[in-house]
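Letter by letter, the chains look like this.
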Amino acid sequence: MTLGPGPVERLARLRGDLRLGVPVLLIEGETAALVLAAETATAERLGALRARGHVDLAISDWRAETLKARAYDGDVARVVLPGDADLGWVRATADPSADLRYPMKGPYATRRDGSAALHRAAIRLAKQARLLPAALVAPVAPGEVPGLIAEGISALDISFIHDEPGPLRDVAAARVPLEVSEAGRVHVFRPGDGGEEHYAVEIGAPDRAEPVLCRLHSACFTGDVIGSLKCDCGPQLRAALAQIGAGGAGVLLYLNQEGRGIGLANKMRAYALQDEGFDTVEANHRLGFEDDERDFRLGANILKTMGFSKVRLMTNNPRKVAMLSHCGLEVTERVPLRVGLTRFNEDYLRVKAAKSGHLL
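About the thresholds
Residues numbered from 1 in each chain as written. Predicted model: local features only at pLDDT ≥ 70, side-chain atom pairs only at ≥ 80, totals over all residues. Heavy atoms only, no water. Helix = DSSP H or I, 4+ residues; strand = E, 2+ residues; numbered from the N terminus. Rg over C-alpha atoms; globule rule 2.2 N^0.38 Å. Buried < 20%, exposed > 50% of the residue type's maximum accessible area, 1.4 Å probe, protein only. Contact = heavy atoms within 4.5 Å. Areas by Shrake-Rupley, 256 points an atom, 1.4 Å probe, with all protein chains shown as cover. Lys, Arg positive; Asp, Glu negative; His and termini not counted. Charge placed at Lys NZ, Arg CZ, Asp CG, Glu CD. Domains from an automatic or database assignment. Buried area = accessible area lost by both parts, 1.4 Å probe. Salt bridge = Lys/Arg side-chain N within 4 Å of Asp/Glu carboxyl O. Polar contact = N/O pair within 3.5 Å; in protein donor to acceptor, adjacent residues only side chain to side chain. Axes fitted to C-alpha atoms, helices over the stretch in contact; angles between N-to-C directions. Parallel < 35°, antiparallel > 145°, perpendicular 65-115°, else oblique. Left-handed = near helix turned anticlockwise from the far one by under 90°. Nonpolar A, V, L, I, M, F, W, Y, C, P; charged D, E, K, R; others polar. Core = buried A, V, L, I, M, F, W, Y, C linked by side-chain atoms within 4.5 Å.

## Brief notes about the overall build of the protein
Then step 1. In terms of helices and strands, the protein carries 13 helices and 13 strands.
Then step 2. The C-alpha radius of gyration of the protein comes to 22 Å, within 12% of the 21 Å expected for a compact globule of 360 residues.
Then step 3. For the protein, the spread of C-alpha atoms along the three principal axes comes to 65 × 55 × 30 Å.
Then step 4. Per-residue burial for the protein yields a buried fraction of 50% across its 360 residues.
Then step 5. At a minimum sequence separation of 6, the contacts of the protein that also span at least 24 residues come to 67%.
Then step 6. Total accessible area computed for the protein in this model is approximately 16,500 Å², and 54% of it derives from carbon and sulfur atoms.
Then step 7. Taking the average location of the 45 positive side-chain charges in the protein and that of its 46 negative ones, the two points are 2 Å from each other.

In structure tokens:
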């Protein structure tokens, strides 16, 4: 074994570089491209990319639909960067919060020939980095090593960029007396790909041979921490803990997948779009994301790592039930969790039921 980074470590470096606004090199066979996240790009680095030749702005099909740009590659559109386009144009194209301030950005020309694999990988990396799903892509000749590469930019074959969640390790655990039960214990699970940590709150001593009362809760800073009335997350968190505490045993998984997996910054962008009249799903689409970007397989992996095979799942979301079942866990019961209705979130809850299939 060498001391150098392997594919998983290189992928983590790529995500970090994109968040810092540093270009990364992606390779597919005999083709390669420098990639720069649209959100963190600087004018200087955009100019350096343009000096190397033509540059595309890769955006998702959802964002392309909003901009009336043709997505010839299905899930991604390769927008040709106009000769006079500056960083303001790039960011206005990537970020729908600028649509009202910059309404005359098009018409857009998009590429239809050649492979979009590198562009697709660039968008996926931007999503994984919790950035807007838009990236500047500049082809480079095979074997060409720009000066930036010598400064620590990693090269990665895109075959390593996959959608399967990596292994999670229980790296630390300790007793934590809780309001709902003094018999609390918190486990910290760390993914091997350098991603965000996830937590399991274990109450009592659940029998591993019996169905465990369980809640998969996605992190919600606004609802869980500061008491936002725009969602039902905080009340669901507290109600789930109270119910597990009252039963004497169970597990609450706290998964760091803020904003349905798009991150807090993009969630705030979605909130701003909601203030313009778009619902939750529409706002996500305008940003370029799917309805829900969360990966509930993480929760299934944690439960299996903790020794559970059967669960009584506290949820209103049938997708969670389906995913746990798909991952080999037996869901013996779906336990409804209907709390937190306010005049500020009634439209949000209605959309969850109508468009996301929640049983409310």
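## Brief notes about the domain arrangement of the protein
Then step 1. The domains assigned to the protein are domain 1 (7–160) and domain 2 (168–257 + 294–356).
Then step 2. One C-alpha centre belongs to domain 1, the other to domain 2; they are set 35 Å apart.
Then step 3. Around 310 Å² of area is buried between domain 1 and domain 2 when both sides are counted, 41% of it from carbon and sulfur atoms.
Then step 4. Per-residue buried area on domain 1 facing domain 2 is highest for Val-8, Arg-15 and Arg-130; these three make up 87% of the total on that side.
Then step 5. Taken together, the connections running from domain 1 to domain 2 amount to one salt bridge.
Then step 6. A salt bridge links Glu-196 to Arg-130, with the nearest nitrogen and oxygen atoms 3.3 Å apart.
Then step 7. Summed over the shared surface of domain 1 and domain 2, the number is two residue pairs in polar contact (both at pLDDT 80 or more).

## A closer look at the packing of helix α9 (residues 264–275) against helix α10 (residues 280–287)
Then step 1. Between α9 and α10, the least distance of the axes is 9 Å, while the angle of their chain directions is 120 degrees. The orientation of α9 relative to α10 falls into the category oblique. In this structure, the crossing between α9 and α10 has a hand that is right-handed. Between α9, through Asn-266, Arg-269, Ala-270, Leu-273 and Gln-274, and α10, the contact on the second element is made entirely by Thr-280, Ala-283, Asn-284, Arg-286 and Leu-287.
Then step 2. Within the contact of α9 with α10, the residues separate by chemical class into four nonpolar, four polar and two charged.

## Considerations on the environment of Ile-203
Then step 1. Along the chain, the position of Ile-203 falls in strand β9 (residues 198–203).
Then step 2. Along the backbone, Ile-203 and Val-76 are 127 residues apart, and their C-alpha atoms lie at a distance of 45 Å.

## Structural notes on the nonpolar core
Then step 1. Counting 27 residues, the largest nonpolar core has Leu-49, Leu-57, Ile-59, Leu-81, Trp-89, Val-90 and Leu-136 as its most contacted members.
Then step 2. At the level of elements, β2 (31–37), α2 (43–50), β3 (56–60), α3 (61–67), β4 (76–80), α4 (87–94) and β5 (134–140) are the ones that each hand at least two residues to this core.
Then step 3. Those residues within four positions of Val-90 in sequence are excluded, and the remaining contacts are Ala-38, Leu-46, Leu-57, Leu-81 and Leu-136.
Then step 4. With 23 residues, the next largest nonpolar core counts Leu-168, Val-251, Val-321 and Cys-327 among its residues.

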